[in-house]
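Results of the structural survey
If you want the building blocks of each chain, they are given just below.
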Amino acid sequence: PVRDGSVLRAACEATAAELRTAGEAAPFLRLRLRLALAMLEAAALREESRGAHWRRDYPRRDERRDGPRATFS
């Protein structure tokens with residue numbers, strides 16, 4: 001999937017609006033919307049392309065985000 005910051009922000013807003021209108025009588029729906037919103041927010045925060053997380057607005061991998069690498073001797 002190809003992602004874009006503006007599309008992710010719009011999806012976050014739409015999902016948050018759905019969550020606000022979901023009634024208390026629909027707890028399973030509310031949980032699913034909260035999960036979807038968390039996933040969208042996490043995808044929006046990743047401002048780099050890495051593996052399957054490809055961003056149109058941030059096409060390169062950010063090597064500063066690489067953790068320490070294990071070395072075996």
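Residues numbered from 1 in each chain as written. Predicted model: local features only at pLDDT ≥ 70, side-chain atom pairs only at ≥ 80, totals over all residues. Heavy atoms only, no water.

**With respect to helix 1 (residues 5-21)**
Relative to the 24 Å expected for 17 residues at 1.5 Å per residue, helix 1 spans 25 Å between its end C-alpha atoms, a close match to the ideal helical length. Looking at helix 1, one finds that the buried residues are Gly 5, Leu 8, Cys 12, Thr 15 and Leu 19. With its buried residues spanning 90 degrees around the axis, helix 1 presents them on a single face. The exposed residues of helix 1 that point more than 90 degrees off its buried face are Val 7, Glu 13, Arg 20 and Thr 21. Looking at the buried residues of helix 1, the elements they touch are strand 1 (2-3), helix 2 (27-45) and strand 2 (54-55). (Helix = DSSP H or I, 4+ residues; strand = E, 2+ residues; numbered from the N terminus. Expected span 1.5 Å × (residues − 1). Buried < 20%, exposed > 50% of the residue type's maximum accessible area, 1.4 Å probe, protein only. Arc of directions from axis to C-beta. Contact = heavy atoms within 4.5 Å.)

**Description of the side chain of Asp 4**
Take Asp 4: it is sitting in the loop between strand 1 and helix 1. Arg 56 provides the closest opposite charge to the buried, unpaired Asp 4, separated from it by 4.2 Å. Side-chain polar atoms of Asp 4 contact the side chain of Ser 6, separated by 2.6 Å. Sequence-distant contacts of Asp 4, defined by excluding residues within four places in its chain, comprise Arg 55, Arg 56 and Asp 57. (Lys, Arg positive; Asp, Glu negative; His and termini not counted. Salt bridge = Lys/Arg side-chain N within 4 Å of Asp/Glu carboxyl O. Polar contact = N/O pair within 3.5 Å; in protein donor to acceptor, adjacent residues only side chain to side chain.)

**Quick word on helix 2**
Compared with an ideal rise of 1.5 Å per residue, which puts 19 residues at 27 Å, helix 2 spans 27 Å between its outermost C-alpha atoms and is within 8% of the ideal. Among the residues of helix 2, those classed as buried are Leu 33, Leu 37, Leu 40 and Ala 43. Summarising the axial view, the buried residues of helix 2 lie within an arc of 125 degrees, below the 170-degree limit, and thus occupy one face. For helix 2, exposure combined with an orientation more than 90 degrees from the buried face picks out Pro 27, Phe 28, Leu 31, Arg 34, Leu 35, Met 39 and Leu 45.

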